[in-house]
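# A closer look at the structure
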Amino acid sequence: MSSEGGRIGRSLKRICWLLIGIAIAIYLIFFVPKAALPHVPERGYVDMHVHAAGLGYGGSGAYVHPDLVDSWKFPIYLRAFDISEAELHEEGDRVLLKKLSQKIANSLFIDQAVVLAMDGAVDERGELDLHRTQLYVPNEYLISELENYPNLLFGASVNPLRHDSLERLDQVVENGAVLIKWLPNIMHFSPSDERIEPFYRRMVEHCIPLLTHTGAEHSFNYADNSLGDPFRLHLPLSLGVTVIAAHIATTGETDGEAHFERLIPMFEDYPNLYADISSLTQINKIGYLRQALKIESVTERLLYGTDWPLQFFPLVSPYYLLDTVSLKQANTARRLDNLWDRDTVMKKFAGVPEEVFLRFPELIASTCGS
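## Quick notes on the overall build of the protein
Tallying secondary structure elements over the protein gives 17 helices and 12 strands in all. In terms of C-alpha radius of gyration, the protein reaches 22 Å, essentially the compact-globule figure of 21 Å for 370 residues. Principal axes of the C-alpha set define a box for the protein whose edges measure 80 × 45 × 45 Å. Relative to its full complement of 370 residues, the protein shows a buried share of 54%.

## Concerning the sheet that holds strand β11 (residues 273–276)
In space, the eight strands of this open sheet follow the order β1-β3-β5-β6-β7-β8-β11-β12, with parallel pairing throughout. Every interior strand has two partners, whereas the edge strands, β1 (45–51) and β12 (302–303), have only one. By the bridge criterion, three bridges tie strand β8 (residues 243–246) to β11 in an arrangement that is parallel. By the bridge assignment for β11, Ala-245 is matched with Ala-275. Together, β1, β3 (110–116) and β5 (152–156) form the strand contacts of helix α5 (residues 94–105), whose direction differs from that of β3 by roughly 155°.

## Overview of the side chain of Ser-157
Structurally, Ser-157 can be placed in the loop between β5 and α7 (165–174). What makes Ser-157 buried here is its relative accessible area of 2%. Engagement of the side chain of Ser-157 in a polar contact is seen with the backbone nitrogen of Asp-119, the distance being 2.8 Å. From its side chain, Ser-157 meets the backbone oxygen of Lys-181 in a polar contact 2.8 Å long.

## Some words on a negative patch on the surface
On the surface, Glu-268, Asp-269, Glu-296 and Glu-300 cluster together into a patch of negative charge. Locating Glu-300 in the fold gives a position in the loop between α14 (296–299) and β12. Since its relative accessible area comes to 42%, Glu-300 is described here as partly exposed.

## Here's the deal with the pattern of salt bridges
Counted by the stated rule, this structure contains 16 salt bridges. Glu-145 is the partner of Arg-94 in a salt bridge, and the nearest nitrogen-oxygen pair spans 3.1 Å. Here Arg-94 is found in helix α5, whereas its partner Glu-145 is found in helix α6 (residues 139–146), with 51 residues between them in sequence. We classify Arg-94 as partly exposed; its relative accessible area is 34%. The salt bridge partner of Arg-262 is Glu-257, with a shortest N-O separation of 3.2 Å.

## With respect to α7
Among the residues making up α7, those that are buried are Ser-165, Leu-169 and Val-172. Looking down the long axis of α7, one finds its buried residues gathered within 70° of arc, a one-sided arrangement. Among the exposed residues of α7, those pointing more than 90 degrees away from its buried face are Glu-167 and Glu-174. Turning to α7, the residues buried within the fold contact α6, β5, β6 (179–182) and α9 (197–206).

## Digging into the packing of aromatic side chains
Summed over all chains, the structure comprises nine aromatic pairs. Consider the rings of Tyr-45 and Phe-109, whose centres lie 6.5 Å apart with planes at 15°: the pair is stacked. On the criterion of sequence distance, the pair formed by Tyr-45 in strand β1 and Phe-109 in the loop between α5 and β3 is long-range, its members being 64 residues apart. Taking the relative accessible area as the measure of exposure, Tyr-45 reaches 1% and is therefore buried. An angle of 35° between the planes, with centres 5.0 Å apart, marks the rings of Tyr-304 and Phe-357 as tilted. Here Tyr-304 is found in the loop between β12 and α15 (327–334), whereas its partner Phe-357 is found in helix α17 (residues 354–367), with 53 residues between them in sequence. Residue classification places Tyr-304 among the buried residues on the basis of a relative accessible area of 1%. Counting every residue linked through ring pairs, the aromatic cluster contains Tyr-45, Phe-109, Tyr-304 and Phe-357.

## Re unusual backbone geometry
Of the consecutive residues Trp-308 and Pro-309, the connecting peptide bond is found in the cis state with omega at 20°. Here Pro-309 shows up in the loop between β12 and α15. The residue after Phe-313, namely Pro-314, is reached through a cis peptide bond having omega 10°. Assignment of secondary structure puts Pro-314 in the loop between β12 and α15. Positive phi outside glycine occurs at His-188, with the angle close to 65°. By the element assignment, His-188 lies in the loop between α8 (184–187) and α9. We note that Asp-255 has phi near 55°; this positive angle belongs to a residue other than glycine. Secondary-structure assignment places Asp-255 in the loop between β9 (253–254) and β10 (257–258).

## A look at the packing of α15 against helix α16 (residues 339–349)
Where α15 meets α16, the closest approach of the two axes is 8 Å, and the angle between their N-to-C directions is 165°. Considered as vectors, α15 and α16 are oriented roughly antiparallel to each other. In the packing of α15 onto α16, the handedness of the crossing is right-handed. Mapping the contact onto sequence places Gln-329, Thr-332, Ala-333 and Arg-334 in α15 and Arg-342, Val-345, Met-346 and Phe-349 in α16. Among the residues forming the contact of α15 with α16, the class breakdown is four nonpolar, two polar and two charged.

Calculation rules
- Residues numbered from 1 in each chain as written.
- Predicted model: local features only at pLDDT ≥ 70, side-chain atom pairs only at ≥ 80, totals over all residues.
- Heavy atoms only, no water.
- Helix = DSSP H or I, 4+ residues; strand = E, 2+ residues; numbered from the N terminus.
- Rg over C-alpha atoms; globule rule 2.2 N^0.38 Å.
- Buried < 20%, exposed > 50% of the residue type's maximum accessible area, 1.4 Å probe, protein only.
- Pairing = 2+ DSSP bridges.
- Contact = heavy atoms within 4.5 Å.
- Axes fitted to C-alpha atoms, helices over the stretch in contact; angles between N-to-C directions.
- Polar contact = N/O pair within 3.5 Å; in protein donor to acceptor, adjacent residues only side chain to side chain.
- Patch = residues over 30% accessible without salt bridge, like charges linked within 9 Å, V, L, I, M, F, W, Y side chains within 5 Å.
- Areas by Shrake-Rupley, 256 points an atom, 1.4 Å probe, with all protein chains shown as cover.
- Salt bridge = Lys/Arg side-chain N within 4 Å of Asp/Glu carboxyl O.
- Lys, Arg positive; Asp, Glu negative; His and termini not counted.
- Charge placed at Lys NZ, Arg CZ, Asp CG, Glu CD.
- Arc of directions from axis to C-beta.
- Phe/Tyr/Trp six-rings, centres within 6.5 Å; stacked < 30°, edge-to-face > 60°.
- Parallel < 35°, antiparallel > 145°, perpendicular 65-115°, else oblique.
- Left-handed = near helix turned anticlockwise from the far one by under 90°.
- Nonpolar A, V, L, I, M, F, W, Y, C, P; charged D, E, K, R; others polar.

Right under this line is the structure:
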């Protein structure tokens, strides 16, 4: 009986400490005063890294591989997009863009967002290969739909190994694309492939930047993460392409060296290299933003982006940044309902300079000489 009583006593003690911990957390989160919001700019910011998706409803042509639809990740992504499959079926995939536009319009800080198409993998003939494609968002779909939403800009995607890649590049530029987006890890090509050189030269002619994923990729069921090595960007950079390394290569490694560490020295070598700060508040990337902001040659090339819809708890929380921001500041960010405002405020409190939030439109203007 004494042994049993001891176990009960220890259990009750653990429960008491747990309840005390919960009570302290509730007090700190809900009753500690908020910090003042950062200054709201007269000219709103542009989020240059926002994803779209669809299941082909309403004739969009969008596609998600059945293996991904059947995975545990799919319902999480639907919630993150604030959409249901029933809504997509009833209103078409375009309802996602409608909701996205409304959320941007309701933001205190963000005026516009670049919505990204996503080309797929191709076969040996340079044709779209849906069997090897996990996510496909056609350029044509965004071209036709985004004209209805002035606050949504067109980010195109062209697999450079398509047999008609140059013609496709010309087409998206003619239709207002502000950048070309790649995710080589799932598009299954290397940015260092010399066969791509004509595509790069045409990009330079069009004065259009390349936003390409760097680092490992874990959002899909499978990826070749060797293709996220930033060293593979030497070719386009040497040819004069303005390259934006998404996420500052903050995951994965090659030859025992972290991708982030491989990328950083490249900013000294290439004045046409930039990076975005999208996803850097995610729990698996905590600390990288603080590191990047300590390096002047990197900070002066950073661009603002979110990687929406990957802005949900528990992947992202203001309280993950308590080594950088105060509890008052974390509380202030948490209480903002608009996820773009929350992301902006979190990053401002974490020390991201105003210039980073304003740099993308300036980059587009300077890249294209307008």
